[in-house]
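Here is what each chain is made of, one letter per residue.
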Amino acid sequence: MCKIFNSYIEKDEIMKYQKVGDVVIVKKELNKDEINEIINKTKCKTIVLYTTQITGEFRAPHIKILYGSETETIHKEYGCLFKLDVSKIMWSQGNIKERVRMAHISNENETVIDMFAGIGYFTIPLAKYSKPKLVYAIEKNPIAYHYLCENIKLNKLNNVTPILSDNREVKLKDVADRVIMGYVHKTHKFLDKAFEFLKDRGVIHYHETVAEKIMFERPIERLKFYSKKNNYKLLNYKIVKIKKYAPGVWHIVVDAEFKKL
Ligand code: SAM
């Protein structure tokens, strides 16, 4: 297992900022002194304010620039390079452990489908460290897709096929040993497609945001419902907490193994 190195992300608990590449993201307006303090501490080229919560199908942020002008940057994390424009594309620091976990989840014999690839949040570390035969990385947003392609090149990967499409339009059947569903809100609506991608036996990484009270029931009920509908049996599963999403709500992922009936 590789060690974490050269992650440039920094989080200051008092100022509440995160540094992505050489851009700092804040979530509240800052006065001149606070801006100067961040510039001195981080040597950043730009400071952007995320003005609202990141929502919507493409998870695009709404921003205001507080300092500087350039919003495109290269973020280094766990030995991987991620180029992105923080004014157009989200970066979730809270998902770092999951990106690292996904790096080592696969192996050289597998074909993987990343249904919501974004700029390669999971695809890049997984392709680099697990070295599967192939990762199909599907992304619908042309801007995120552009950076996904850049990141495949930047990380010198030759085992990733990027696909610009809504994943529901992609015609790949019975090809995946592993399907990653790194998307929250209505993820279950994409489970039929995930089973279409899956081989007779395989694993789905199913993400959900769910109230703590029903965290151990609802995702499993949904997985059982859709597996039955698609003629699969749930063999075993593990629930992993990713982060607190809102008060009383968790972002979780279920690693679920299925077999065709
Ligand atoms: N898992 C990511 C992380 O670790 O930070 C965050 C989620 S990622 C931003 C979700 C991506 O799914 C977005 O880039 C969005 O454009 C894409 N997406 C949403 N619906 C899609 C669909 N139907 N087909 C393909 N991509 C889709």
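Residues numbered from 1 in each chain as written. Predicted model: local features only at pLDDT ≥ 70, side-chain atom pairs only at ≥ 80, totals over all residues. Heavy atoms only, no water.

(A) Broad picture of the site of the ligand. Within the structure, the ligand sits among 22 residues, and N95, E139, D166, N167 and G182 are positioned closest to it. Within the backbone of G182, an N or O atom sits 3.2 Å from a nitrogen atom of the ligand. Considered on its own, the ligand offers 600 Å² of accessible surface; in the complex 97% of this is hidden by protein. Given that more than half its atoms are within 2 Å of the pocket grid, the ligand belongs to the largest pocket. For the shell around the ligand, a count of residues per class yields eight nonpolar, seven polar and seven charged. (Near = heavy atom within 4 Å. Polar contact = N/O pair within 3.5 Å; in protein donor to acceptor, adjacent residues only side chain to side chain. Areas by Shrake-Rupley, 256 points an atom, 1.4 Å probe, with all protein chains shown as cover. 1 Å grid on protein atoms, 1.4 Å probe; cavity = no way out; pocket = protein on both sides within 12 Å on 5 of 7 lines; lining within 4 Å. Sits in = over half its atoms within 2 Å of the grid points. Nonpolar A, V, L, I, M, F, W, Y, C, P; charged D, E, K, R; others polar.)

(B) Fine view of the sheet that holds strand β8 (residues 111-114). Strand order across the open sheet formed by seven strands is β10-β9-β8-β11-β12-β14-β13, with mixed pairing between neighbours. Looking at strand neighbours, the two that pair on one side only are β10 (160-164) and β13 (232-246), the edges of this open sheet. Along the sheet, successive strands turn relative to each other by an average axial angle of 15 degrees, direction set aside. Bridge count between strand β9 (residues 134-139) and β10: five bridges; the pairing is parallel. In the sheet register, V135 faces β10, and the bridge partner there is V160. Against the sheet, helix α4 (residues 142-154) engages β9 and β10, with an angle of about 165 degrees to β10. The strands touched by helix α6 (residues 218-229) within the sheet are β12 (198-211), β13 and β14 (249-260), with β12 carrying the most contacts at an inclination of about 145 degrees. (Pairing = 2+ DSSP bridges. Helix = DSSP H or I, 4+ residues; strand = E, 2+ residues; numbered from the N terminus. Axes fitted to C-alpha atoms, helices over the stretch in contact; angles between N-to-C directions. Contact = heavy atoms within 4.5 Å.)

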